[in-house]
There are 4 protein chains.
Amino acid sequence: LLEGHPSITLELASQGRGAGGGASIEDVVRAEVDVLFSCLPSGLLGNHLPEIGAGLVIDVAGDHRSSPEWVYGLTEFVRSDLPVARVANPGCYPTAALLVLLPFAAAGLIAGPVTIDGLSGASGAGRSADETLLLAALHGNARAYGPNPHRHVAEMERGLADLASADLTVSFTPHLLPIARGLLVTAHAPLTGELDDAGALAVLHDRYRGEPFVRVAESWPETKAVAGTNNAHLSARIDARANMLVCSSAIDNLGKGAAGQAVQNANLCLGLEETAGLEAIAVWP
Amino acid sequence: LLEGHPSITLELASQGRGAGGGASIEDVVRAEVDVLFSCLPSGLLGNHLPEIGAGLVIDVAGDHRSSPEWVYGLTEFVRSDLPVARVANPGCYPTAALLVLLPFAAAGLIAGPVTIDGLSGASGAGRSADETLLLAALHGNARAYGPNPHRHVAEMERGLADLASADLTVSFTPHLLPIARGLLVTAHAPLTGELDDAGALAVLHDRYRGEPFVRVAESWPETKAVAGTNNAHLSARIDARANMLVCSSAIDNLGKGAAGQAVQNANLCLGLEETAGLEAIAVWP
Amino acid sequence: LLEGHPSITLELASQGRGAGGGASIEDVVRAEVDVLFSCLPSGLLGNHLPEIGAGLVIDVAGDHRSSPEWVYGLTEFVRSDLPVARVANPGCYPTAALLVLLPFAAAGLIAGPVTIDGLSGASGAGRSADETLLLAALHGNARAYGPNPHRHVAEMERGLADLASADLTVSFTPHLLPIARGLLVTAHAPLTGELDDAGALAVLHDRYRGEPFVRVAESWPETKAVAGTNNAHLSARIDARANMLVCSSAIDNLGKGAAGQAVQNANLCLGLEETAGLEAIAVWP
Amino acid sequence: LLEGHPSITLELASQGRGAGGGASIEDVVRAEVDVLFSCLPSGLLGNHLPEIGAGLVIDVAGDHRSSPEWVYGLTEFVRSDLPVARVANPGCYPTAALLVLLPFAAAGLIAGPVTIDGLSGASGAGRSADETLLLAALHGNARAYGPNPHRHVAEMERGLADLASADLTVSFTPHLLPIARGLLVTAHAPLTGELDDAGALAVLHDRYRGEPFVRVAESWPETKAVAGTNNAHLSARIDARANMLVCSSAIDNLGKGAAGQAVQNANLCLGLEETAGLEAIAVWP
């Protein structure tokens, strides 16, 4: 990635891990690096903002996603705001949901409430050694989780408002899947007018033509086809009986849903190729 | 199951398999047995109806679910219609969806459109040696499948109308999970009035109190807790921001979603204990 | 299980869990119950032996497997020693390995070193919230684990000596599989004389004819066919080129490999049917 | 991979698939390409040898692994024989077994019989829509498979003889794992003299120092750490009680075990960088 850019250094700030070698959070935050990718637990990075040594900060955690001083880094919708010094990386579920919903919302084609079911691999819950995340507990298992509303709902609604000027209520339920990585979102939204399958697909095709990381196809997206990549696969159909849009989006929760999109944003902020370091393709089968 | 009932014999009619030993479908259908459980492919059983030798026919396939001459066998809602000679066993997705939605629909608490996402283990697709159902293709994978509307939508809407006198439009999207068995349905429905979490749970508790195979709990149901059983686990919450009911239901697609409910119906038709042969509990972990 | 036996009570002693409700280990151990099933961590039960209130103690942990005051509870080989007041339940790997090797060892058909590879589901590692046992770490993964020699080696060699008067060296390597439960052992042993496939199978068939929990078949055993049961599936073949016996054994590590065999032993000690409470069959698929 | 090498074209010959677009096997075989990678079913490629248009043929199938006119392409052991026009790519199990055993065999440190248990992901069985390879049948399942001796045994013994001048008998049993890709081999071999853990590791370290695709470590290798790559991870220990070497090797059955090694061989034959196109690292978790 950084070959030929010797002056660019990176730091990953996370509690206990990325810091490594005895370095404290303070040490990492103050380091004179080019980019600081932060995954600090909620609330921690804010305390250190004044001391940050890096020219560019990408906050992978959720603290600054609604802050006006940070760019909400859903890259495909904020390129004109980059480069910038502070990027709030979107959450994994909002990334998947917004990518597939924003084109319809921006065109005024859907009304609320938008109901969204999200399915995430276990790595989405982090690396904490929690008994409910053991293979023995999750193997062969699937379930919804979390309270209503999930903290990602506000981020989704705000994204629809800010990036598509659409005032849509979202009802979202996340589910845990017995897979290591991968995230699938399926959304249902009432149509405001006439739209058929071909028209729905065309909305997505038109919006994402030329995008390096977004693929639109008629077949439903699947998580395995994007695992290990920064790609998002999208599709949409019309349920004519219910007069609803049904659309689905697959990303890798650790790729486009986290670290991949963070690097994509950093690339643009640093004047690198947007795809630098992100050309991996999924392994099949 | 049938110990002490020497006169009760069963037959399973399916194409090629159950028949076994060279017996033709005709032979099986004409056999003088007490119960005929039929899983014949769509359209086949109808041709043989006049020749059926069994006193009781449980059609596990979908041919007769809308026929007025057959009882739609969602047991918990049709006990007063049993015993009967012809039972059309419900589909797996409709069983899960109707069990959790009917109490709310019957009380007039929800409006349409009801959006339902279903997640099914791979055994729901049958035993056909299809390349897309290989472990190599499904491992670590999840995706929506099928056209819109799925053939189960009409069955769900008819069930809501017939069993709860509710005229509700359903938008349903099934998904395939990388597990062998287990089915989860999560449904979102607009509320018609005031309801909170406790009230939503109470609707389910009140309806299913004393039911041997239905368990209502505050925690979201999970597929592994019902795999290998005839049980259904249900829960419900309110998404107050969106003014929607969010409810979820877990069954074993081959248990309460197919063979288990078929035996439950047969038990009632034959005057046996409803739970006979169905006391298995799930294996954990 | 215990219907009709109101005087039989059971207690499960484990640290923190089974005790429940604030009861201390001391309370449980001293309780005037009929059977005490102990899964206490290594070393703990011994401290409490003098205070034990139960007439029958089944130690599922490994502390007493080499103690002359306890019967080593590989049920099929110690029935004549039962009933007894103290049973040391065998380990999961030794149970699987000994069941398939003992008939050959007893007949003097094999020499050492016997090389054994064991494959176990993640529940074999217990319920500890260990980062290496998370689904995210184990999904799609398999590896050997542990030091050489594994603590189960001595138990295997002692079992071969005590139950088959065979002095055979064992080299054993356990592996972790990405499944919740199930244990497979494949063993290779040099032949001492002539034996062909049919002869090898006959050795197993002859030894286990009539055994309720042991099935011998020509096809290789698979873990899923015994998961959730107390059954052991065995097979054997001859590798004529290498002049070796190759044999394989599948059990549920939590069934015949732990709790199932504990109940089997308790049944015999209490004068119950040996199969009482253990008739579950595996769920397929 | 081939950027800057416009004259290098590749063809993949396989029955029905790779040929695609109506091209017959004959068309593909006769094509004037630089490299022909053939995965034709056993026996087919031989019929077409005289017509082959490609300058370099890599036979990924097993037909020519014992042919003196072909180089047996276990790259790390045949580099001095390359470039060559005909490479017989090794099988997946032999690749994993030979990589970890050859250094010990070459040094005369082990005797036979060498017992090897192999564990393979389901993609090792190919893409045929076989009922026993369905996710529903394999999920949560593990078992040995195949007859004795497996066709790979002769290849392993020949490899030990040709590449290490060692006359060792091999007893090999393959197993099927519920994972999509990945292959693990664990081997046990009697020691001919003194060797301890550190010495065993040193044998591997010394042999593979500087090898781009082979990593030696003290911890047992795991399949997930090499999935999607051309890497092999090796380790070894001594079972002092049994006086045996215990060693284990993990590769991706479709990487170093098939297509990866085929490309590695092609690179060397074409004068490209050996690692060209093969720098992928495994995705974790």
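Here, every reference points to the structure presented above.
Described below are features of the structure shown in this document. Numbers given for residues are sequential positions, taken from 1 along each chain in its written order. As they are written, the chains are lettered A onward and the ligands numbered 1 onward, keeping that order. Residue-level local features of this predicted model are given only where pLDDT is at least 70; pairs of side-chain atoms are given and counted only at 80 or more, and the full residue set underlies all totals for whole chains, interfaces and linings. The basis for every side-chain value is the complete set of heavy atoms in the structure, and neither hydrogens nor water enter the calculation.

To qualify as a helix, a DSSP run of H or I must reach at least 4 residues; to qualify as a strand, a run of E must reach at least 2; elements of each kind are numbered from the N terminus. The secondary structure content of chain A amounts to eight helices and twelve strands. Restricting the calculation to C-alpha atoms gives the radius of gyration, and the globule rule supplies 2.2 Å times the number of residues raised to the power 0.38. By the compact-globule yardstick of 19 Å for 285 residues, chain A fits well, its C-alpha radius of gyration being 19 Å. With the C-alpha coordinates aligned to their principal axes, the bounding extent of chain A is approximately 60 × 45 × 35 Å. The buried label goes to any residue with under 20% of its type's maximum accessible area, the exposed label to any with over 50%, and the partly exposed label to all in between, with areas taken from a 1.4 Å probe on protein chains only. Relative to its full complement of 285 residues, chain A shows a buried share of 60%. Throughout, a contact is declared for two residues whenever any of their heavy atoms are within 4.5 Å. Intrachain contacts of chain A at a sequence separation of at least 6 include 68% that bridge at least 24 residues. Summing over all exposed atoms, chain A offers an accessible surface of approximately 10,300 Å²; the carbon and sulfur share of this is 51%. When the 17 positive and 31 negative side-chain charges of chain A are each reduced to one mean point, those points stand 5 Å apart. Note on areas: these come from Shrake-Rupley sampling with a 1.4 Å probe, and a residue is covered only by the protein chains present in the view. Asp and Glu count as negative and Lys and Arg as positive, but His and the ends of the chain are not part of the count. Charge coordinates come from a single atom per side chain, which is NZ of Lys, CZ of Arg, CG of Asp or CD of Glu.

In this section: the interface of chain A and chain C. Each partner contributes to the interface: chain A provides 17 residues, whereas chain C provides 17 residues. The quantity reported as buried area is the accessible area (1.4 Å probe) lost by two parts once they are put together, taken as the sum for both. Both sides of the chain A and chain C interface together cover about 1,400 Å² of buried area, and 66% of this is carbon and sulfur. Among the residues chain A hides against chain C, the three largest losses belong to E131, L134 and L135 of chain A. Together they make up 41% of the total. A side-chain nitrogen of Lys or Arg and a carboxyl oxygen of Asp or Glu constitute a salt bridge if their distance falls within 4 Å. For the pair chain A and chain C, the number of links is zero salt bridges. In the analysis that follows, any N or O atom pair within 3.5 Å is treated as a polar contact, provided that within protein one partner can donate a hydrogen and the other can accept it, and provided that, for residues neighboring in sequence, both atoms belong to side chains. Between the two partners, chain A and chain C, sit two residue pairs in polar contact (both at pLDDT 80 or more). Partitioning the side of chain A that touches chain C into residue classes produces ten nonpolar, three polar and four charged. Ten residue types, Ala, Val, Leu, Ile, Met, Phe, Trp, Tyr, Cys and Pro, are classed as nonpolar, four, Asp, Glu, Lys and Arg, as charged, and the remainder, Gly among them, as polar.

With that settled, consider the pairing of strand 12 (residues 244-251) of chain B. For a regular strand, side-chain orientation follows a simple rule: the groups alternate between the two sheet faces. Residue and element names in this part refer to chain B. Buried residues dominate strand 12, accounting for eight of its eight residues. A two-sided burial pattern is seen for strand 12, the buried positions comprising M244, V246, S248 and A250 on one face and L245, C247, S249 and I251 on the other. By the bridge criterion, eight bridges tie strand 9 (residues 183-190) to strand 12 in an arrangement that is antiparallel. The partner of A189 across the bridge, within strand 12, is L245. One requirement defines pairing of two strands: DSSP has to find at least two bridges between them.

With that settled, consider the interface of chain A and chain B. The interface is formed by 47 residues belonging to chain A together with 46 residues belonging to chain B. Together chain A and chain B conceal approximately 3,700 Å² of surface at their shared face, both sides included; 55% is due to carbon and sulfur atoms. When the buried area of chain A at its contact with chain B is split by residue, N148, W220 and R241 of chain A rank highest and sum to 15% of it. Counting the contacts that link chain A with chain B gives four salt bridges. The salt bridge partner of E157 of chain B is R241 of chain A, with a shortest N-O separation of 2.3 Å. Seen at the junction of chain A and chain B, the total is 29 residue pairs in polar contact (both at pLDDT 80 or more). At the level of secondary structure, the elements contributing two or more residues to the side of chain A that touches chain B comprise strand 6 (114-120), helix 5 (135-138), strand 7 (143-144), helix 6 (151-164), strand 8 (170-176), strand 9 (183-190), strand 11 (232-239) and strand 12 (244-251) of chain A. Among the elements that line the side of chain A that touches chain B, the one with the most residues is strand 8 of chain A, at five residues. When the residues that make up the side of chain A that touches chain B are grouped by side-chain class, the tally is 25 nonpolar, 13 polar and nine charged.

What follows covers the pattern of salt bridges. A side chain with one charge may pair with a side chain of the opposite charge, provided their charged atoms come close. Counting across every chain of the model gives 36 salt bridges over all chains. Several salt bridges converge on common partners, so that one network encompasses R79, E211 and E274 of chain A.

As a further point, take the sheet that holds strand 11 of chain A. Residue and element names in this part refer to chain A. Strands sit in the order 7-8-6-9-12-11-10 across an open sheet of seven strands; the sheet is mixed. If you trace the sheet from one side to the other, it starts and ends with strand 7 and strand 10 (214-216), each paired once. Both strand 10 and strand 11 contribute to a ladder of three bridges, which runs parallel. Each residue of the ladder has a partner; that of V214, found in strand 11, is A232.

One copy of the chain maps onto the second through a rotation around an axis plus a translation along that axis. Alignment of the copies relies on least squares applied to C-alpha atoms, considering only residues that score at least 70 for pLDDT in both. Expressed as a screw transformation, the operator carrying chain A onto chain C has a rotation angle of 180° and an axial translation of 0.0 Å, and the superposed copies differ by an RMSD of 0.0 Å. Here the two chains are linked by the operation of a two-fold rotation axis. The residues that chain A uses at the interface reappear at the interface of chain C in 100% of cases, marking a shared surface.

Our focus in this paragraph is the relation of the copies chain A and chain B. Between the two copies, chain A and chain B, the superposition gives an RMSD of 0.0 Å; the rotation angle is 180° and the shift along the axis is 0.0 Å. Here 98% of the interface residues in chain A have copies in chain B that are interface residues too; the copies meet face to matching face.

Aromatic pairs are defined between Phe, Tyr and Trp rings, using the six-membered ring for Trp, whenever the two ring centres lie within 6.5 Å; interplanar angles under 30 degrees are classed as stacked, those over 60 as edge-to-face, and all others as tilted. Applying the stated criterion across every chain yields a total of eight aromatic pairs over all chains. On the basis of an interplanar angle of 80° and a centroid distance of 6.2 Å, the ring pair of F77 of chain A and Y208 of chain A is categorised as edge-to-face. Highlighted residues: F77 of chain A in helix 3 (residues 75-78) and Y208 of chain A in helix 7 (residues 197-208), separated in sequence by 131 residues. The exposure classification of F77 of chain A matches that of Y208 of chain A, with both residues buried. Placement of a positive charge over a ring is assigned whenever Lys NZ or Arg CZ falls within 6 Å of the ring centre and within 35 degrees of the normal to the ring plane. Sitting above the plane of the W284 of chain A ring, K224 of chain A keeps its charged end 5.2 Å from the centroid. Note that R207 of chain B overlies the ring of F77 of chain B, its terminal NZ or CZ placed 4.2 Å from the centroid.

On to a negative patch on the surface. Residues and elements named next belong to chain A. For patch building, the residue pool is restricted to those with more than 30% relative accessible area and no salt bridge; the joining distance is 9 Å between like charges and 5 Å between nonpolar side chains (Val, Leu, Ile, Met, Phe, Trp, Tyr). There is a patch of like negative charges on the surface, built from E194, D196, D197 and E218. Assignment of secondary structure puts D196 in the loop between strand 9 and helix 7. Overall, D196 belongs to the partly exposed group, its relative accessible area being 47%.

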